[in-house]
Amino acid sequence: YPTLYRTSANIEHNIMTIIRLLRHLNILYVQSVNAMDSYGKVALDMFKEKAQEFGICVLESYSIDDTALIMKLSASSTQVAIIFGDEKQVRLNYL
């Protein structure tokens, strides 16, 4: 086929859905974890921008490849971490 169609929602739609859910649950402080690929970097930048607009504070941001990630997330007082990466990356590194 000469044309490739996108089968998932665009990044902004996904981020706004996450933002609305966080606001609905009254979660104002989060941490973020992102893959070091183009999707992860773009998603993280957009998430930080939109979170600030809606009064959500991203306290810390980490790379999914950080070897001390679990310890850093556990040591934080926040109870929510938003992950921008695919399931394979998470399974490979942490499960």
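Our structure's up above, just so we're on the same page.
Not measured: the values here are computed from a predicted model. (Residues numbered from 1 in each chain as written. Predicted model: local features only at pLDDT ≥ 70, side-chain atom pairs only at ≥ 80, totals over all residues. Heavy atoms only, no water.)

Novice: Mind showing me how you'd approach the packing of aromatic side chains here?
Specialist: What characterises a pair of aromatic rings is the spacing of the ring centres plus the angle enclosed by the ring planes. All told, the structure shown has 1 aromatic pair when counted by the stated rule. When the centroid spacing of 5.4 Å and the interplanar angle of 55° are considered together, the rings of Phe47 and Phe84 count as tilted. Taken together, the positions of Phe47 in helix 2 (residues 38–53) and Phe84 in strand 3 (residues 81–84) put the pair 37 residues apart, joining distant regions of the chain. Phe47 gets classed as buried once you look at its relative accessible area, which sits at 0%. (Phe/Tyr/Trp six-rings, centres within 6.5 Å; stacked < 30°, edge-to-face > 60°. Helix = DSSP H or I, 4+ residues; strand = E, 2+ residues; numbered from the N terminus. Buried < 20%, exposed > 50% of the residue type's maximum accessible area, 1.4 Å probe, protein only.)

Novice: What is the right way to look at the pattern of salt bridges in this model?
Specialist: Opposite charge on two side chains makes pairing possible when the charged atoms of those side chains draw close. For the structure shown, the criterion picks out 2 salt bridges. Between Lys50 and Glu12 there is a salt bridge, with the nearest N and O atoms lying 3.5 Å from each other. Taken as a pair, Lys50 in helix 2 and Glu12 in helix 1 (residues 11–24) lie far apart in primary sequence, 38 residues in all. Given a relative accessible area of 14%, Lys50 falls into the buried group. Here Lys72 and Asp66 are joined by a salt bridge, their closest N and O atoms 2.7 Å apart. On the accessibility criterion, Asp66 (18% relative accessible area) is buried. (Salt bridge = Lys/Arg side-chain N within 4 Å of Asp/Glu carboxyl O.)

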